[in-house]
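Residue-level structure breakdown
Chain by chain, the residues run as shown.
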Amino acid sequence: MVGVTITAHDNGKTGEYHAHVAGSDAIGRLTWTEHDGVRHAEHTLVPPEIGGRGVAGRLVEAMVADARENHFKIGPVCSYVVTAFERHPEWADVKG
């Protein structure tokens, strides 16, 4: 896989994770909103020009790692995130 850099952007009760792929100006995003202390992963958006490279999976992995490090729970809402949590039962510790 080409280089992918994930950055977190926290605006208090909302935020995003951005995926920057080497050699492309396109940005993949995972957006969330916080309700009752749970960050609900609402949308995973990967532009076609950077699709098919595992970008969406890397975005969810970054959110899971962030949840473990910063002690918050994730509420899967986006269908991609719901499926990712089903495929990774080891993430149950951060599921809200």
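Now for a look at the structure at hand. All values derive from a computational prediction rather than experimental measurement.

1. Notes on the packing of helix α1 (residues 55–70) against helix α2 (residues 79–87)
Two elements in contact, α1 and α2, have axes separated by 11 Å at closest approach and are oriented at 70°. Relative to α2, the element α1 lies roughly perpendicular. Here α1 and α2 pass one another in a crossing that is right-handed. Counting all contacts with α1, which are made through A56, G57, V60 and V64, the residues of α2 involved are Y80, V81, A84 and F85. The class makeup of the residues in the contact of α1 with α2 is seven nonpolar, one polar and no charged.

2. Considering the pairing of strand β4 (residues 38–45)
Relative to β4, strand β3 (residues 27–35) runs antiparallel, the two sharing seven bridges. Among the inter-strand pairings, H35 is bridged to a residue of β4, identified as V38. Hairpin connection from β3 to β4: two residues lie between these consecutive antiparallel strands, with D36 at a positive phi of about 55°. Sheet topology places β4 next to strand β5 (residues 73–76); four bridges connect them, and they run parallel. Note on β5: the bridge partner recorded for V38 is K73. You can see the chain leave β4, run along α1 and come back into β5, and the turn it takes is right-handed.

3. Observations regarding the sheet that holds β5
Pairing is mixed in the open sheet, where five strands are placed in the order β1-β2-β3-β4-β5. Two strands lie at the open edges of the sheet, namely β1 (4–10) and β5, each paired on one side alone. Along the sheet, successive strands turn relative to each other by an average axial angle of 25°, direction set aside. Bridge count for β1 against strand β2 (residues 14–21) is seven bridges, and the pairing is antiparallel. The partner of T7 across the bridge, within β2, is H18. In this fold α1 packs onto β1, β2, β3, β4 and β5, with an angle of close to 130° to the strand it touches most, β2.

Quick notes on the rules
- Residues numbered from 1 in each chain as written.
- Predicted model: local features only at pLDDT ≥ 70, side-chain atom pairs only at ≥ 80, totals over all residues.
- Heavy atoms only, no water.
- Axes fitted to C-alpha atoms, helices over the stretch in contact; angles between N-to-C directions.
- Helix = DSSP H or I, 4+ residues; strand = E, 2+ residues; numbered from the N terminus.
- Parallel < 35°, antiparallel > 145°, perpendicular 65-115°, else oblique.
- Left-handed = near helix turned anticlockwise from the far one by under 90°.
- Contact = heavy atoms within 4.5 Å.
- Nonpolar A, V, L, I, M, F, W, Y, C, P; charged D, E, K, R; others polar.
- Pairing = 2+ DSSP bridges.
- Right-handed = clockwise from strand over helix to strand, strands pointing away.

Keep in mind these values describe shape, not function.
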